[in-house]
Amino acid sequence: MNIAVNTRLLIKNKLDGIGWFTYESLKRITIQHPEHHFYFIFDRPFDPTFIFSSNITPIVLNPQSRHPLLFWIWFDWRLPRLLKKLNPDLFLSPDGYLSLKTKIKSLAVFHDLNFEHYPKDLPLAFRLYYRYFFPKFATKAIRIATVSEFSKMDIVTQYRILPCQIDVVYDGANELYKPLLPQTITKIREKYTSGAPYFIFIGSLHPRKNLVNLFKGFDLFRLNYNEDIKLLIVGARKWWTKEIGIAFKEMKYSDDVVFSGRLNGDELAQALGASLALTYVSYFEGFGIPIVEAFCCGVPVITSNVTSMPEIAGDAALLIDPFCPDSIALAMKSITEDVHLRNELIRKGLDRKKEFTWQRTADLLWKSIEKSLKSS
C-alpha cells in the first residue's frame, strides 16, 4: 500500500505536542512496516533525520502554511494536485487538517477541539478557519483518531460522528524523560534558578494553558510560604495575551518567575526532572503529554480536574480546580510540605507511565490505518 502523510509539523528543533506525536508514531510505523511505502509531504525544506527508513519518499510542497489563508491554499489547491499524481491508498493527517477537494481516503488525527469551547482564545482568522473547516474535516475523514476518551466523546458530541468511526490513540513520552541523580538536580537548579527549588510549567504560552490563574496561584502560595521557591515557565510566547501580561505584572512575586523560552529535548527533560513538581493547570487539554513526561521523571504532578487530564493522570496527581487560584496554591503547599504525599505521587506516577508509551501510540495508530484502508 502507498500512504501519503501530512508531515508539515516535522520541523527540526521545533516539535510541539502534535509534532512529537507525528515524529514518534511515524518513526516506528515506517520502520516496522517495510511492506508499505510512505510519501512524507512537507511544506518547507526538511531535516534528513525525519526520513526514518528507505520506504519513505519525501516531497516538499510549497507554500509554507502557517496562516489560515495558506492552510486553504496548501490543503485545497496544492495538495489535491499532488495526491492525484501520487494516487495513494490513504492520506494520513496527524494534525487533523484534510483536503476537501480529493477523493483519496483520509484518516485525520484530531488532538482536541479547544477552539469549539474557547474560541476567543484564538486570533479571529484562526478561530473562523477551525470552526468552519474542522466539522467538514470530520465528515470528510473515513476514520478519525484522537488522543483520549474525552476527546473521542467531544468529537461525537460536537460533530455527530459515530463512536465506532473514532479510534483512541493515546500519546506517549520520550525515553529522554527519567529520574535524575541528586547531583544533577543540584546542577540544573543552579542553571535556571540559582539553586532554588522550583515548580515548572511546560507548554505554549497560550490562554487555555491558564497562566493567568497559575500566576495568581503561585503568588498566593508564596504569600503564605516564605521559602525561596521559584516558578519556571518553559515555552515560546507565541500566544502571549494582554490578560496574561496583566496577571504577571500584578504579581507580588513576579521576580520569582523565570522564563526559559523553548528548550530542546535534553534541556527540557533535565529542567522537568529537577523540578519540585509539574504545574499543568490548563482549562482544556485533549491529552497533556507533560503529565506523562513528569511521571517518567519521577516528578509529582499538579493538574486540572477537567477535560482529559483526570483520565490521563488517574490517581497519580493532585487534581485542582483550574478556575480557582486558591486550589492551585493549596496543591503547591501540599507538595512542598507533605513528604509522604510527594513520595506517594512519585510512586504512582512511575507506575502510571507504563500505560503511555510511543510504541503503544504507533501500534494503535497503525490499527486505525488498517481499519481506514479496509473501509469502503
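Look above for the structure.
Residues numbered from 1 in each chain as written. Predicted model: local features only at pLDDT ≥ 70, side-chain atom pairs only at ≥ 80, totals over all residues. Heavy atoms only, no water.

**Quick word on helix H2 (residues 68-86)**
Our working definition: By the criteria applied, helices consist of DSSP H or I runs no shorter than four residues and strands consist of E runs no shorter than two, each listed in order from the N terminus. In a helix, the anticipated span is given by 1.5 Å times the number of residues less one. To get the bend at a given residue, fit one axis to the seven residues ending there, fit another to the seven starting there, and take the angle between those axes. Type-normalised accessible area, obtained with a 1.4 Å probe on protein chains alone, sets the label of each residue: buried when under 20%, exposed when over 50%, and partly exposed for intermediate values. We call two residues in contact whenever any of their non-hydrogen atoms come within 4.5 Å of each other.
Taking 1.5 Å of rise per residue, 19 residues should cover 27 Å, and H2 covers 25 Å from first to last C-alpha, within 8% of that figure. Most pronounced at leucine 79, the bend in H2 amounts to some 45°, and the proline proline 80 follows within four residues. Every buried residue belonging to H2 is among Pro68, Phe71, Trp74, Phe75, Asp76, Leu79, Pro80, Leu82, Leu83 and Leu86, and all of these are buried. Among the structural elements, strand E1 (2-6), strand E2 (37-42), strand E3 (56-60), strand E4 (90-93) and helix H4 (124-140) are those in contact with the buried residues of H2.

**So, the environment of phenylalanine 199**
As for its placement among the helices and strands, phenylalanine 199 is situated in strand E8 (residues 198-202). Judged by its relative accessible area of 0%, phenylalanine 199 is buried. On a C-alpha basis, the gap between phenylalanine 199 and tyrosine 280 in space is 10.0 Å, while along the polypeptide they are 81 residues apart.

**Quick word on the packing of aromatic side chains**
Condition: Ring pairs shown here join Phe, Tyr and Trp side chains whose ring centres sit within 6.5 Å, with only the six-membered ring taken for Trp; geometry is labelled stacked below 30 degrees between planes, edge-to-face above 60, and tilted in between.
Tallying each qualifying case throughout the model produces 39 aromatic pairs. Judged by centre distance (6.1 Å) and plane angle (75°), the rings of tyrosine 129 and tyrosine 130 are edge-to-face. A relative accessible area of 15% means that tyrosine 130 is categorised as buried. Aromatic pair phenylalanine 287 and phenylalanine 356: ring centres 5.6 Å apart, planes at 85°, arrangement edge-to-face.

**A look at the packing of helix H1 (residues 17-32) against helix H14 (residues 358-374)**
Here is the rule we go by: Fitting a line to C-alpha atoms yields each axis, with helices limited to the stretch in contact; the angle taken between N-to-C directions then spans 0 to 180 degrees. When describing relative orientation, an angle under 35 degrees is termed roughly parallel and one over 145 degrees roughly antiparallel, while 65 to 115 degrees is termed roughly perpendicular and anything else oblique. Residues are grouped as follows: Ala, Val, Leu, Ile, Met, Phe, Trp, Tyr, Cys and Pro are nonpolar; Asp, Glu, Lys and Arg are charged; every other residue, Gly included, is polar.
Relative orientation of the contacting elements H1 and H14 amounts to 70°, with a least axis distance of 9 Å. Considering their axes alone, H1 and H14 lie roughly perpendicular with respect to each other. Counting all contacts with H1, which are made through Trp20, Phe21, Glu24, Ser25, Arg28, Ile29 and Gln32, the residues of H14 involved are Trp358, Gln359, Thr361, Ala362, Asp363, Leu365, Trp366 and Ile369. Of the residues belonging to the contact of H1 with H14, the class tally is eight nonpolar, four polar and three charged.

**Here's the deal with the pattern of salt bridges**
If the charged atoms of two oppositely charged side chains come close together, the side chains can form a pair. Threshold: By definition, a salt bridge exists where a carboxyl oxygen of Asp or Glu is found within 4 Å of a side-chain nitrogen of Lys or Arg.
One pass over the full model with this rule turns up 18 salt bridges. Residue glutamate 24 is joined to lysine 27 by a salt bridge in which the shortest nitrogen-to-oxygen separation is 3.6 Å. Linking glutamate 24 with lysine 27, this pair stays in helix H1, spanning three residues, or about one helical turn. Judged by its relative accessible area of 23%, lysine 27 is partly exposed. Of the charged contacts in the structure, one is a salt bridge between arginine 208 and glutamate 285, with a shortest N-O distance of 3.6 Å. Of the two residues, arginine 208 sits in the loop between E8 and helix H7 (211-224) while glutamate 285 sits in the loop between strand E11 (277-280) and helix H10 (289-297), which places them 77 residues apart along the sequence. When its relative accessible area of 13% is taken as the criterion, arginine 208 is described as buried. Through salt bridges with shared partners, one network takes in Asp112, Arg208, Lys209 and Glu285.

**A word on the nonpolar core**
Worth spelling out the cut-off: Only buried residues count toward a nonpolar core. Its members are Ala, Val, Leu, Ile, Met, Phe, Trp, Tyr and Cys residues joined through side-chain atoms within 4.5 Å.
Ranked by size, the top nonpolar core spans 62 residues in total, and within it Leu92, Ile200, Leu272, Leu365 and Ile369 carry the most contacts. By residue number, the principal contributor to this core is H10, which donates seven residues. Beyond its immediate stretch of four places on either side in the chain, leucine 92 contacts Ile3, Ala4, Val5, Asn6, Leu26, Leu107, Val109, Leu365 and Ile369. Ala108, Leu122, Tyr130 and Ile155 belong to the second-largest nonpolar core, a separate cluster that totals 36 residues.

**Points about the sheet that holds E1**
For clarity, the threshold we go by: A pair of strands is treated as paired once DSSP finds two or more bridges between them.
Spatial ordering of the open sheet is given by E3-E2-E1-E4-E5-E6-E7, a layout of seven strands whose pairing is parallel. Because the sheet does not close on itself, it has two edges, and the strands there are E3 and strand E7 (166-168). Within the sheet, the average angular offset between the axes of one strand and its neighbour, ignoring direction, is 20°. Against the sheet, H1 touches E1, E2, E3, E4 and strand E5 (106-110), its axis set at about 155° to E2. Packed on one face of the sheet, H2 meets E1, E2, E3 and E4 and runs near 155° to E2.

**Some points on the pairing of strand E12 (residues 301-304)**
A regular strand carries its side chains on alternate faces of the sheet. In this structure, E11 lies alongside E12, joined through three bridges in parallel fashion. In the sheet register, threonine 279 faces E12, and the bridge partner there is isoleucine 302. Pairing analysis gives three bridges linking E12 to strand E13 (residues 318-320), with the strands arranged parallel. In the strand pairing of E13, threonine 303 is matched with leucine 319.

**Quick word on the sheet that holds E11**
Pairing is parallel across the open sheet formed by six strands, whose spatial order is E10-E9-E8-E11-E12-E13. Here the strands that pair on one side only, and so sit at the sheet edges, are strand E10 (257-261) and E13. When the angles between neighbouring strand axes are averaged without regard to direction, this sheet yields 25°. Direction of pairing for E8 relative to strand E9 (residues 230-234): parallel, over a ladder of five bridges. By the bridge assignment, phenylalanine 199 is partnered in E9 with leucine 231. Helix H9 (residues 265-273) contacts E8, E9 and E11 of the sheet and is inclined by roughly 140° relative to E8.

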